[in-house]
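A closer look at the structure
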Amino acid sequence: METSLHVCKATPADAGIICRIVERSIRVGCAIDHRNDPHTVATWTHSKTVRHVMAWLTDPRFYLNIALLQDKPVGAAMAAISGKLAFCYVQPEWFRRGAGQALVADLESWLISHGLCHVQLNSTLTGEGFYRHLGYQPCAPTFKVAGLQAIPMRKGLLLPAAKPDQGSKSSAA
């Protein structure tokens, strides 16, 4: 992992760059999935506009984060309070440098902080190896959505160990 990598909660000021990261990651990094079919790309990206990102950023049911590598935005990800990892996109030239792993780890921490013990996602063929590396396993049959193969995956989250109650004492009989 790059030492200058920083992941933080996204803000409304990040909406434009998040859209650019997502679109470029889809167009370039996910070409195996969409095979450069303009209709499939348009279908995949149509719900990832600045208007959509701004709505997600203001909705407390969602958590969006952004990865900065040497202070340059290189990735973005989102999870829902329902336990779904909605997306994780990294600029293709920054693949395999720790940004995606850091983004997902941050989302998982957010989900754990909200009491969730599992996370689920639908992976593309491009993302499947990445998610398997992070401990996700296929959990249902693949299906097609918007011309893409989706692989349902799931991972158990480790909740922090409960701290013993410092105010109560047990007594032996």
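Because the structure is predicted, anything quoted here is derived from the model rather than measured. (Residues numbered from 1 in each chain as written. Predicted model: local features only at pLDDT ≥ 70, side-chain atom pairs only at ≥ 80, totals over all residues. Heavy atoms only, no water.)

Some remarks on the overall build of the protein chain
How we decide: What counts as a helix is a DSSP run of H or I of at least four residues, what counts as a strand is a run of E of at least two, and both are numbered from the N terminus. Note on definitions: a residue-residue contact is assigned when non-hydrogen atoms from the two residues lie within 4.5 Å.
The number of helices and strands found in the protein chain is 6 helices and 8 strands. When its helices and strands are written in sequence order, the protein chain yields β-α-α-α-α-β-β-β-α-β-α-β-β-β. Across the protein chain, contacts joining residues at least 24 apart in sequence account for 63% of those joining residues at least 6 apart.

Considering the confidence of the model for the protein chain
Just so we agree on the cut-off: One confidence number per residue, pLDDT, is output by the predictor and ranges from 0 to 100.
When pLDDT is averaged along the protein chain, the result is 87; 87% of the residues meet or exceed 70. Here helix α3 (residues 38-45) stands out as the element of the protein chain with the lowest mean pLDDT, 69, in contrast to strand β6 (residues 137-138), whose mean of 98 is the highest. In this model, residues 166-173 is a region of pLDDT below 50 whose contacts with residues beyond four sequence positions or in other chains number 0 contacts.

Regarding the pairing of strand β2 (residues 62-69)
Going by this rule: Throughout this description, buried means an accessible area under 20% of the type-specific maximum (1.4 Å probe, protein chains only), exposed means over 50%, and partly exposed covers the range between. The pairing criterion is simple: DSSP has to find at least two bridges between the two strands.
Counting buried positions over the 8 residues of β2 gives 7, a clear majority of the element. Of the strand pairs in this sheet, strand β1 (residues 5-9) and β2 are connected by 5 bridges, and their pairing is antiparallel. Residue pairing in the sheet places His 6 in a bridge with Leu 68 of β2. Sheet topology note: the β2/strand β3 (residues 72-80) ladder contains 8 bridges and is antiparallel. By the bridge assignment for β3, Ala 67 is matched with Gly 75. Turn length for the β2-β3 hairpin, with the two strands adjacent in sequence and antiparallel, is 2 residues, and the turn residue Gln 70 shows positive phi of about 55°.

A word on the packing of helix α5 (residues 99-113) against helix α6 (residues 125-133)
Spelled out, the test is: To define axes, lines are fitted to C-alpha atoms, for helices over the stretch in contact only, and angles between the resulting N-to-C directions are given on a 0 to 180 degree scale. Should the near helix be turned counterclockwise from the far one by less than a right angle, the crossing is left-handed, whereas a clockwise turn marks it as right-handed.
At their nearest, the axes of α5 and α6 sit 11 Å apart, and the two run at 65° to each other. As for the relative orientation of α5 and α6, their crossing is right-handed in sense. Here Gly 100, Gln 101 and Val 104 of α5 lie close against α6, whose contacting residues are Phe 130, Tyr 131 and His 133.

Regarding α6
For the record, the criterion: Comment: arc refers to directions from the helix axis out to C-beta atoms.
Of the residues making up α6, those classed as buried are Gly 127, Glu 128 and Tyr 131. Down the axis of α6, the smallest arc covering the buried residues is 120°, so these residues share one side. Positive backbone phi, approximately 100°, marks Gly 135, located one or two places after α6.

Thoughts on the side chain of Gln 91
Its location among the elements puts Gln 91 in the loop between β4 (84-90) and α5. If sequence neighbours within four positions are ignored, Gln 91 has contacts with Ile 21, Arg 24, Pro 73 and Val 74.

Some points on unusual backbone geometry
Even without a glycine there, the phi angle at Asp 71 is positive, about 65°. Here Asp 71 lies in the loop between β2 and β3. Given a relative accessible area of 71%, Asp 71 falls into the exposed group.

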